[in-house]
Amino acid sequence: MKLSRRGFLASTGAAVAVRAVPQVVTKTGGRRVLTLVYDKALGMMRAVERVVP
């Protein structure tokens, strides 16, 4: 797989964001609430996660 400079920077940025977001959430002290909702467009249930202070 050939990776361009732009692709490398994008994938590196995405990897950093995935690792940093959970740490930011825990530092703010919010609770994570997982709710199941029915999505009419999909015709099935899906999970929605929210951060509540």
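Because the structure is a prediction, the values reported are computed rather than measured.

A.B. asks: Summarise the overall build of the protein chain; cite the residues concerned and give the values.
C.D. replies: Helices and strands together make up the secondary structure of the protein chain, namely one helix and two strands. Beginning at the N terminus, the succession of helices and strands in the protein chain can be written as α-β-β. For the protein chain, buried positions account for 4% of its 53 residues. Put simply, 3% of the contacts in the protein chain that link residues at least 6 apart link residues at least 24 apart. Just so you have it, the protein chain exposes about 5,000 Å², and 63% of that area is on carbon and sulfur atoms.

A.B. asks: Help me get a handle on the side chain of Asp39, residues and values and all.
C.D. replies: Structurally, Asp39 is set in strand β1 (residues 31–39). On the basis of relative accessibility, which here comes to 19%, the residue Asp39 falls in the buried class. A polar contact of 3.1 Å, which involves the side chain of Asp39, links it to the backbone nitrogen of Ala41. If near-sequence neighbours (up to four positions away) are discounted, Asp39 is found in contact with Met44 and Arg46.

Scoring rules and cut-offs
Residues numbered from 1 in each chain as written. Predicted model: local features only at pLDDT ≥ 70, side-chain atom pairs only at ≥ 80, totals over all residues. Heavy atoms only, no water. Helix = DSSP H or I, 4+ residues; strand = E, 2+ residues; numbered from the N terminus. Buried < 20%, exposed > 50% of the residue type's maximum accessible area, 1.4 Å probe, protein only. Contact = heavy atoms within 4.5 Å. Areas by Shrake-Rupley, 256 points an atom, 1.4 Å probe, with all protein chains shown as cover. Polar contact = N/O pair within 3.5 Å; in protein donor to acceptor, adjacent residues only side chain to side chain.

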